[in-house]
Amino acid sequence: MKDTLILAIESSCDETAASVVKNGRTILSNVISSQIALHTLYGGVVPEIASRKHIEKINQVIEQALADADVTLDDLDAIGVTYGPGLVGALLVGVAEAKAIAYAKKLPLVGVHHIEGHVSANYIEHPDLEPPFVCLVVSGGHSHLTRVNAYGDYTLLGQTVDDAAGEAFDKAARVLGLNYPGGPLLSKLAEGGDDTCLPLPHPHPDGRYDFSFSGLKTAFLNACHKMEQKGEALPRADLAASFERAVVDTLCERAMLALEESGLHTLCLAGGVSANRRLRAQMTALAAKRGFRLCMPDLWLCTDNAAMIGSAAYYRLRKGELAPLSLNAVPSLALV
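A brief report on the enclosed structure follows. Fair warning: this is a prediction, and the values are worked out from it, not measured in the lab. (Residues numbered from 1 in each chain as written. Predicted model: local features only at pLDDT ≥ 70, side-chain atom pairs only at ≥ 80, totals over all residues. Heavy atoms only, no water.)

**Side note on unusual backbone geometry**
For step 1, the next point in the chain: Across the junction of G84 and P85, the peptide omega takes the value -10°, indicating a cis bond.
For step 2, the next point in the chain: With respect to the element layout, P85 can be found in the loop between β4 (78–84) and α3 (88–105). (Helix = DSSP H or I, 4+ residues; strand = E, 2+ residues; numbered from the N terminus.)

Following this line, the structure appears as structure tokens:
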């Protein structure tokens, strides 16, 4: 059976990425041009700057991905691209590039949902993984609990009703004087802290598997401001540890409930926050205690990359789900 080679493109936020993936599971190349240093100057991603940088880098990244995989455009079987959700200008750069290559080389075009890409990172890390399973997707803009029924078939079990977990981490980090990207820096600071320093609420929204981080974030901000108003020095490591614990406990609690009531025995993590040290350790301990299988991508596969898009595109291609050349960016694209 002939191997299927897909060139995948990801440009939904501040990473310009291209990858060549074989049969949805094997990475032949994976090139990422990060803009973190550029956006750190502004304390967060500036959409217009991100779009311009994607335009500058995308051809170079694709050429490098092809060279690293030792293939040419003529060797490819399809082009996969993220078309949402994300920053509209950033998405448009990747979509336009993918459409141009697909048209010029008469290749099938596959549009991929960014969150589906994060879920699919687990197929690369765990070659024997097959649906169905429950997946916790946590990132700067998303907090989802999904049931993966089959490749490309999802049931949304729960989601955040306000802030995403990664967004909450970033805002808490800013209060503690940490720069962008705040989440990883807060986690690093928390390593030396007392996580019982500040009791924080665990909001329980109406949806059985839903998350809420807005009240938790507000309680944290208010506590920090009160300390500052009293002239007290912030115990930054302790505060970071307390906040991290509250977020991770909430994520684990909801994920365990969804997994147990689904009747399934495999839980996957996905998204940038799935690289969080405490979340991974706590989920690993729960898996050992409760006897379910836990799948997590390697740390570099948790953040935005094109390999995960290539994996998702392969299964869409296999089902004949192709995109027309009129494909457009959809910045608020829903997974289900």
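**Points about the packing of helix α7 (residues 214–229) against helix α8 (residues 236–262)**
For step 1, the next point in the chain: Here α7 crosses α8 at 165°, and the two axes come no closer than 11 Å. Accordingly, the angle class assigned to the pair α7 and α8 is roughly antiparallel. For the element pair α7 and α8, the recorded crossing hand is right-handed. Between α7 and α8, the residues in contact are L216, K217, F220, C224 and M227 and L239, F243, A246 and V247, respectively. (Axes fitted to C-alpha atoms, helices over the stretch in contact; angles between N-to-C directions. Parallel < 35°, antiparallel > 145°, perpendicular 65-115°, else oblique. Left-handed = near helix turned anticlockwise from the far one by under 90°. Contact = heavy atoms within 4.5 Å.)

**A word on the pattern of salt bridges**
For step 1, the next point in the chain: For the coordinates displayed, the defined rule picks out 18 salt bridges.
For step 2, the next point in the chain: The shortest N-O distance in the salt bridge between K2 and D77 comes to 2.9 Å. Note that K2 is positioned in the segment before β1 (5–10) and D77 in the loop between α2 (47–69) and β4, a separation of 75 residues in sequence.
For step 3, the next point in the chain: Assessed through its relative accessible area of 22%, D77 is described here as partly exposed.
For step 4, the next point in the chain: In this structure, a network of salt bridges that share partners links the residues E116, R316, K319 and E321. (Salt bridge = Lys/Arg side-chain N within 4 Å of Asp/Glu carboxyl O. Buried < 20%, exposed > 50% of the residue type's maximum accessible area, 1.4 Å probe, protein only.)

**Topic: the packing of aromatic side chains**
For step 1, the next point in the chain: Applying the stated criterion to the full structure yields eight aromatic pairs.
For step 2, the next point in the chain: Relative to Y315, the ring of Y151 has its centre 3.9 Å away and its plane inclined at 5°; by these criteria the two rings are stacked. You can see Y151 sitting in the loop between β7 (143–150) and β8 (153–159) and its partner Y315 sitting in helix α11 (residues 307–318), a full 164 residues away along the chain. Exposure class is identical for Y151 and Y315. Each is buried.
For step 3, the next point in the chain: Chaining the aromatic ring pairs together yields one cluster made of Y123, F133, Y151, Y314 and Y315. (Phe/Tyr/Trp six-rings, centres within 6.5 Å; stacked < 30°, edge-to-face > 60°.)

**Here's the deal with the environment of Y83**
For step 1, the next point in the chain: The residue Y83 is located in strand β4 in this model.
For step 2, the next point in the chain: Along the primary structure Y83 and D3 are separated by 80 residues, whereas in three dimensions their C-alpha atoms are 25 Å apart.
For step 3, the next point in the chain: Those residues in contact with Y83 that sit more than four places away from it in its chain are L91, V95, G111, V112, H113, L327, N328, A329, V330 and L333.

**Brief notes about α8**
For step 1, the next point in the chain: If you check α8, its first and last C-alpha atoms are 39 Å apart, about what 27 residues at 1.5 Å a residue would give, namely 39 Å.
For step 2, the next point in the chain: Remark: G263 follows α8 within two positions and exhibits a positive phi of approximately 80°. (Expected span 1.5 Å × (residues − 1).)

**As for the sheet that holds β8**
For step 1, the next point in the chain: The sheet built from five strands is open, its strands ordered β8-β7-β6-β9-β10 with mixed pairing. Edge strands, defined here as strands with exactly one partner in the open sheet, are β8 and β10 (293–295). Shown here is a sheet whose adjacent strand axes are inclined to one another by a mean of 25°, direction ignored.
For step 2, the next point in the chain: Pairing between β7 and β8: six bridges, direction antiparallel. Bridge assignment links T146 to a residue of β8, and that residue is L156. (Pairing = 2+ DSSP bridges.)

**Some words on the environment of A18**
For step 1, the next point in the chain: You can see A18 is positioned in strand β2 (residues 15–22).
For step 2, the next point in the chain: Looking at A18, the relative accessible area reads 0%, which means it is buried.
For step 3, the next point in the chain: In this structure, the C-alpha to C-alpha distance between A18 and I58, residues 40 residues apart in sequence, is 8.1 Å.
For step 4, the next point in the chain: If sequence neighbours within four positions are ignored, A18 has contacts with L7, A8, S29, N30, V31, V61, I62, A65 and A306.

Geometric values such as these leave the question of function open.
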